[in-house]
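Observations on the three-dimensional arrangement
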Amino acid sequence: MTKYNFSSRVPLTNDNPFGEVLTVASKPSIVSFAGGLPAPELFPVKEIKAAAEAVLDEYGQTVLQYSVAQGNLHLRQLIAKYMKTRGLDDDPQNMLITTGSQQGLDVIAEMMINPGDKVISERPTYLSALDVFKTYGAETVGVDVDEHGMKMDDLEATLKQNPETKLVYVVPNFQNPTGNSMSLDRRKRLVELADEYDVLVVEDDPYGAIRYAGESIPPIRSLDHNGRVIYTGTFSKILAPGLRLGWASAAPELIAKMLLLKQFEDVHTDNLTQFVIARYMETYDMQAHIDHITAEYEKRGEAMHAAIQKYFPAGTELTHPEGGMFLWVKLPGNPDIDQIFDECIQNNVAFVPGAPFFPNHPETNTMRMNFSNRSVAEIEAGIKTMGAVISKMI
Ligand SMILES: Cc1ncc(COP(=O)(O)O)c(C=O)c1O
């Protein structure tokens, strides 16, 4: 048997506990609150089909040809116009089209991280960002969050203790996994601290457009005057994740490096998809579509919040998000979450245990709950079942 001489980046084992949870949870019989899936019945299938037909009819030879790594200029202009409505006035030249925002995170990590560097993230944070930082040899140090996002005094202390820090990674809107958002004051302080401690901020914002309550808060990048904030955006949650289309915007020097690294990775993002999304954005009212999704997610999020309060045992803590796709639950005491998971699966309902979302010191009584992918009726029934299982087991 050949013994392969893998690089040091490759994980030593093929353990994939999160993937296993999602595989078990994806059985059709199971009402799953586990994944991070948008509602497929809300995908604009007809409109995307019409846009695809139109661009193939009009520019078939161009859209099937190789293109430039930075991405289609017309699409970048349309994204810049859309981002202005979200409070970020960016030049399309400072923008790079990526294959989902996941690729944006990968390219940023590749650009900045040497083995032994540190990344600071919220604690808990988006699991797959932790995987990316680890792959490039970084240690991620978590900073605690509350309902207003990352605690800035703790961040300052952590920056002082970890001078090897290159990046501070945050998901400031309806964070994955907690559903909470970072306040404006903390966003301003984050930019000040980035200047003071000479680090970059990665502002990962897949959920910011899906706000159903409260006031929208300006993007961190809009508060930055020294080119320290890299913004990553995506069409995954506002149109459809299978399109794999995202973007990053940052200072020109950073975009120039990211462009090269992206080109080495995949030459450029799928050209047909870029044309289709540009055509979609020009032809249809994308904001009306986002408003429609948001209204539906509000019903689902509120239904899940109310059902957890009703059916989970006394002492359960949960977040109350103003948008996005997730809420976060802390069970009382010291429950065996894996056993609860198995028992829930036996009862045809699933969630994700919260521990893998912690870069360090996992809190094993936590769970991430996704509300976007199930109807209100399924949410009410599924949470009732979960509540009965949990109450029986703790
Ligand atoms: C916080 C966060 N960042 C990035 C992504 C990746 O999204 P995509 O690559 O589909 O744009 C996700 C997906 O769930 C996410 O939750």
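That block above? That's the structure.
Residues numbered from 1 in each chain as written. Predicted model: local features only at pLDDT ≥ 70, side-chain atom pairs only at ≥ 80, totals over all residues. Heavy atoms only, no water.

If you tally the helices and strands in the chain, you get twelve helices and 14 strands. Radius of gyration (C-alpha) of the chain: 21 Å, near the 21 Å computed for a compact globule of 394 residues. For the chain, the C-alpha atoms occupy an extent of roughly 60 × 60 × 50 Å along the three principal directions. Of all 394 residues assigned to the chain, the portion counted as buried reaches 55%. Residue pairs in contact within the chain that sit at least 24 positions apart in sequence constitute 76% of those at least 6 positions apart. Looking at the chain as shown, the accessible area adds up to about 17700 Å², and 51% of this sits on carbon and sulfur atoms. Here the chain contributes 35 positively and 52 negatively charged side chains, and the mean placements of these two sets differ by 2 Å. (Helix = DSSP H or I, 4+ residues; strand = E, 2+ residues; numbered from the N terminus. Rg over C-alpha atoms; globule rule 2.2 N^0.38 Å. Buried < 20%, exposed > 50% of the residue type's maximum accessible area, 1.4 Å probe, protein only. Contact = heavy atoms within 4.5 Å. Areas by Shrake-Rupley, 256 points an atom, 1.4 Å probe, with all protein chains shown as cover. Lys, Arg positive; Asp, Glu negative; His and termini not counted. Charge placed at Lys NZ, Arg CZ, Asp CG, Glu CD.)

Two numbers describe a pair of packed helices, the interaxial angle and the distance between the axes. Relative orientation of the contacting elements helix α10 (residues 286–311) and helix α12 (residues 376–393) amounts to 25°, with a least axis distance of 9 Å. When the interaxial angle is binned, α10 and α12 end up roughly parallel. Handedness of the crossing formed by α10 with α12: right-handed. For the pair formed by α10 and α12, the contact residues are Lys299, Arg300, Ala303, Met304, Ala307, Ile308 and Tyr311 on the first element and Val376, Ile379, Glu380, Ile383, Lys384, Gly387 and Ser391 on the second. Taken together, the residues of the contact of α10 with α12 sort by class into eight nonpolar, two polar and four charged. (Axes fitted to C-alpha atoms, helices over the stretch in contact; angles between N-to-C directions. Parallel < 35°, antiparallel > 145°, perpendicular 65-115°, else oblique. Left-handed = near helix turned anticlockwise from the far one by under 90°. Nonpolar A, V, L, I, M, F, W, Y, C, P; charged D, E, K, R; others polar.)

What follows is about the site of the ligand. Every one of the 14 residues lining the ligand counts as a neighbour, but Ser101, Asp204, Tyr207, Thr234 and Ser236 are closest to it. A distance of 2.9 Å separates an oxygen atom of the ligand from a polar atom in the side chain of Lys237. Within the side chain of Arg244, an N or O atom sits 2.8 Å from an oxygen atom of the ligand. Relative to its unbound accessible surface of 400 Å², the ligand loses 92% to contact with the protein. For the shell around the ligand, the leading source of residues is helix α4 (residues 100–112), giving three residues. Tallied by class, residues from the shell around the ligand come to five nonpolar, six polar and three charged. (Near = heavy atom within 4 Å. Polar contact = N/O pair within 3.5 Å; in protein donor to acceptor, adjacent residues only side chain to side chain.)

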